[in-house]
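# Architecture at a glance
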Amino acid sequence: MINFTGTPVIETHRLILRKMELSDTQSVFDHWLSDERVSDNRVNAAHRTVSETSERVEKIVKGYNNKDFCYWAVELKSSGELIGEMDLYDFDDTTGNCEVSYSLGYNWWNRGYATEALGAVVEFGFRHMNIHKISAAHNTDNPASGRVMNKVGMVQEGVIRHMIRNSKNQYKDCAVYGILQENYLKNT
């Protein structure tokens, strides 16, 4: 059974994962949601206006009223700069499984931040929430995301053809990854 605790602060060596705040809206827009290099790997199009981002951040902030809402803003400890987001979602009470997704601003790609944040969220999910399995998917034309998943112990389980249609109306094949709690705990 999943132990829902909401979205607590999680600290890593270089990052603070915390609840998103309304005051983060401009950073969210500037750092990743308005950037097509990032949105090319997401289902939704890049935001063209801050008001689009404001609506999204307001929805996220309202979600914190629910204990089963796990959505983190990813912040650099050294500067307080907001660099991305990560969430656990699609919880299945029958299996104890869920999914994880993340986005990081382009300026912070290839620095290990996504791996560090994902590792912390996976650990939180297994050790504190008692999740049975965490799954994730990435577009096959974004292999860097697969390397992030692999580095935290996730294993590629297959490829689903035309799993999503992106904002440019293109179908994308996605590699699906997963990690089981029992394997995680055995290897850490």
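Being a predicted model, the structure only gives us computed values, none of them experimental. (Residues numbered from 1 in each chain as written. Predicted model: local features only at pLDDT ≥ 70, side-chain atom pairs only at ≥ 80, totals over all residues. Heavy atoms only, no water.)

Once that is clear, we can look at the packing of aromatic side chains. Applying the stated rule across the entire model yields six aromatic pairs. Arranged with centres 5.8 Å apart and planes meeting at 10°, the rings of Phe69 and Tyr71 form a pair that is stacked. With a centroid separation of 4.8 Å and 65° between ring planes, the pair formed by Tyr106 and Trp109 is classed as edge-to-face. Relative accessible area serves as the criterion here: at 35%, Tyr106 is assigned to the partly exposed category. A relative accessible area of 28% places Trp109 in the partly exposed class. Feature note: the residues Tyr64, Phe69 and Tyr71 constitute an aromatic cluster, connected by ring pairs. (Phe/Tyr/Trp six-rings, centres within 6.5 Å; stacked < 30°, edge-to-face > 60°. Buried < 20%, exposed > 50% of the residue type's maximum accessible area, 1.4 Å probe, protein only.)

It is worth spelling out the pattern of salt bridges at this point. One pass over the full model with this rule turns up ten salt bridges. Among the ionic pairs, Glu123 bridges to Arg127, the shortest N-O distance being 3.5 Å. You can see Glu123 and its partner Arg127 sitting in helix H4 (residues 113–127), four residues apart, about one turn around the helix. Residue Glu123 is classed as partly exposed on the basis of its relative accessible area, which comes to 36%. By relative accessible area, Arg127 is classed as partly exposed at 42%. A single network of salt bridges, built from pairs that share partners, joins Arg18, Asp24 and Glu75. (Salt bridge = Lys/Arg side-chain N within 4 Å of Asp/Glu carboxyl O. Helix = DSSP H or I, 4+ residues; strand = E, 2+ residues; numbered from the N terminus.)

Note that all results are geometric; they support no functional claim without further evidence.
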